[in-house]
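# Structural characterization, general
Chain by chain, the residues run as shown.
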Amino acid sequence: MSIIFQESVKGRKGTVLPESDVPVHHTIQSKYLRSEDAKLCELSELQVVRHFTALSRKNYGVDTNIYPLGSCTMKYNPKFNEKIAAMEGFASLHPLLPQLVGGGMLTQGALAVLFELERLLCEITGMDAYTLHPMAGAHGELTGMMIIAAYHKEKNNRKTEVLIPDEAHGTNPSSASIAGFQVTSIPTNENGILDIKALEETISEKTAAIMLTNPNTLGLFNPLIEKVAAIAHKYDAQLYYDGANLNAIMGKFRPGDALFDVMHVNLHKTFSTPHGGGGPGAGPVGVKKHLEQFLPVSRIIKRSDGTYALSYDFPKSIGYIAPFYGNFAICLRAYAYILTLGAKGLIEVSENAVLNANYVMHSLKDFYDVPYLRTCMHECVLSAKRQLENKVHAVDIAKALIDWGIHPPTIYFPLIVKEAMMIEPTETESKESLDYFIDAMKKIALLAKTDPQSLHQAPISTPVGRLDETKAVKDMDFCFQD
Ligand SMILES: *Cc1c(COP(=O)(O)O)cnc(C)c1O
């Protein structure tokens, strides 16, 4: 496909405007005006429409086909929530509008949404209070780590270190590190969960927090979580829950009940909101009562007359972590999503997410290695170890899936699984689309034996084939040259 400049034809026009019948008056000083026309492409309107329509068809998203990206929860987001987010009364609000305007309360509805969303998240996760300000999961982790640092400072605790399992999402160690802590890695045992013995040997008076994901990034639930909490609290270390993916546990398990002290939730993963290409996001942070005073400002309060207001009167707060009040439209989508599903619907989301992941894992277990073959939660991790015997790597399988019209799963993560392929089908996929994916994976496994070379060449159906990713990173300057 050509780029739009190649389609340009000198002198062609998209629209022709009539001569101006009023005097031309330049308010811009002449020294700032162009002396020659900008070098734009010259095209008809139809050419432009066709060009961009063709481009949009090369795009891939959840609206196109299954997107089984492990850890990232790329699922279908009901269009209803988009409609709510676009409602004039919400979409046209300016963040600097006063909270109460002479009786006409322009922002009260929005504040009510935020206040109630905080309450709903408390109910779903078993925490006591939330901030909606963080704008991504990683941002939520950093906020949580800053709250933990403030807690220890208040108590004069000398804490320097955060313990994180070796399978954790990469944002966990980076957030802890940016918050000023040293990170120590705890190994995963042969059952795919945190090695409690290693934890007991590593934890010390220096330990500020333990950061856990449960189910972890292997898609496995740690049933000994209360034991971990007891170990943490014995040293006054805070237990942090990475709740980026809540798909597996809603209505089944509440981190707050399992004695977690701080957590974040990725609204853009579990609670609607399309988030391709790295955003937009929202990573609200929930805390237990003893940490509430450290939450960022502003906070939403409900006055005795039933109106809502933003309060900044929290002297022990860690302060601002984001401008204004978070990513409002994402919070609004999450609010609409939770209300439309209701408690029963959210439980069904979790049950179907877990059922789908187990269906995929069991359908493929004879074709690929499953490093930890036990009931998984919302995602499963396979390995291309067996295919490696024919020099077929996880990346070859991922690229081959593209030719089947399927977005590849997450590969080479978690780092502790060789040739990892991390698959999260999500609750929104039908049995037919799961079967299509499974069938593709089986056929690729067969090709790995009979014609491995064909997999090395994949993808062949895309505008560009296999890219040299190392070269792309190394020669990035190339993008900025003429
Ligand atoms: C996605 C994810 C994160 C990070 O969330 P972002 O919104 O991408 O910053 C952290 N932990 C886990 C387990 C995740 O899946």
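Heads up: these notes are all about the structure in this document.

Conventions and cut-offs
Residues numbered from 1 in each chain as written. Predicted model: local features only at pLDDT ≥ 70, side-chain atom pairs only at ≥ 80, totals over all residues. Heavy atoms only, no water. Salt bridge = Lys/Arg side-chain N within 4 Å of Asp/Glu carboxyl O. Helix = DSSP H or I, 4+ residues; strand = E, 2+ residues; numbered from the N terminus. Buried < 20%, exposed > 50% of the residue type's maximum accessible area, 1.4 Å probe, protein only. Patch = residues over 30% accessible without salt bridge, like charges linked within 9 Å, V, L, I, M, F, W, Y side chains within 5 Å. Areas by Shrake-Rupley, 256 points an atom, 1.4 Å probe, with all protein chains shown as cover. Polar contact = N/O pair within 3.5 Å; in protein donor to acceptor, adjacent residues only side chain to side chain. Contact = heavy atoms within 4.5 Å. Near = heavy atom within 4 Å. Pairing = 2+ DSSP bridges.

## Side note on the pattern of salt bridges
Counted by the stated rule, this structure contains 17 salt bridges. The shortest N-O distance in the salt bridge between glutamate 36 and lysine 39 comes to 3.8 Å. Here arginine 333 makes a salt bridge to glutamate 82, at a shortest N to O gap of 2.8 Å. Placement of arginine 333 in helix α10 (residues 328-364) and of glutamate 82 in helix α2 (residues 79-85) is noted, with a sequence separation of 251 residues between them. Taking relative accessible area as the criterion, arginine 333 reaches 14% and is therefore assigned buried. You can call glutamate 82 partly exposed: its relative accessible area is 23%. Connected through shared salt-bridge partners, Lys289, Glu292 and Arg299 make up one network.

## Concerning a nonpolar patch on the surface
Together, Met1, Phe52 and Leu55 make up an exposed nonpolar region whose accessible area comes to about 310 Å². Inspection of the secondary structure assignment puts phenylalanine 52 in helix α1 (residues 45-57). Phenylalanine 52 gets classed as partly exposed once you look at its relative accessible area, which sits at 44%.

## Some thoughts on the side chain of threonine 270
When you line up the elements, threonine 270 lands in helix α9 (residues 267-270). Within the structure, the side chain of threonine 270 is placed 3.5 Å from the side chain of asparagine 247, a separation counted as a polar contact. Once residues lying within four places of it in the same chain are set aside, the contact partners of threonine 270 are Lys75, Ala244, Asn245, Leu246, Asn247, Met250 and Tyr337.

## Describing the site of the ligand
For the ligand, the set of nearby residues contains 13 residues, the closest of which are Ser71, Gly137, Asp242, His268 and Lys269. One nitrogen or oxygen atom from the main chain of alanine 138 is found 2.8 Å from an oxygen atom belonging to the ligand. For the ligand, whose unbound accessible area comes to 380 Å², protein coverage reaches 87%. Contributions of two or more residues to the shell around the ligand are made by α5 (137-154) and α9. A total of three residues in the shell around the ligand trace back to one element, the largest contributor, which is α5.

## Some points on the pairing of strand β4 (residues 207-212)
Summarising burial for β4: six of the six residues are buried, a large majority. Strand direction decides the pairing type here: strand β2 (residues 161-165) and β4, joined by three bridges, are parallel. In the sheet register, leucine 163 faces β4, and the bridge partner there is isoleucine 210. Strand direction decides the pairing type here: β4 and strand β5 (residues 238-243), joined by four bridges, are parallel. Counted as the bridge partner of alanine 209 is glutamine 238 from β5.

## Remarks on unusual backbone geometry
Each neighbour pair has its own omega, and for asparagine 214 with proline 215 the value is 5 degrees, a cis peptide bond. Relative to the helices and strands, proline 215 is located in the loop between β4 and α8 (225-234). Cis peptide bonds are those with omega within 30 degrees of zero, and the linkage from phenylalanine 413 to proline 414 qualifies with 0 degrees. Within the fold, proline 414 resides in the loop between β11 (410-411) and β12 (420-423). Even without glycine at this site, aspartate 236 takes up a positive phi of about 55 degrees. Here aspartate 236 lies in the loop between α8 and β5. The backbone phi angle of phenylalanine 324 is positive, close to 55 degrees, even though this residue is not glycine. Tracing the backbone shows phenylalanine 324 in the loop between β9 (308-311) and α10. The exposure class assigned to phenylalanine 324 is partly exposed, which follows from its relative accessible area of 37%.

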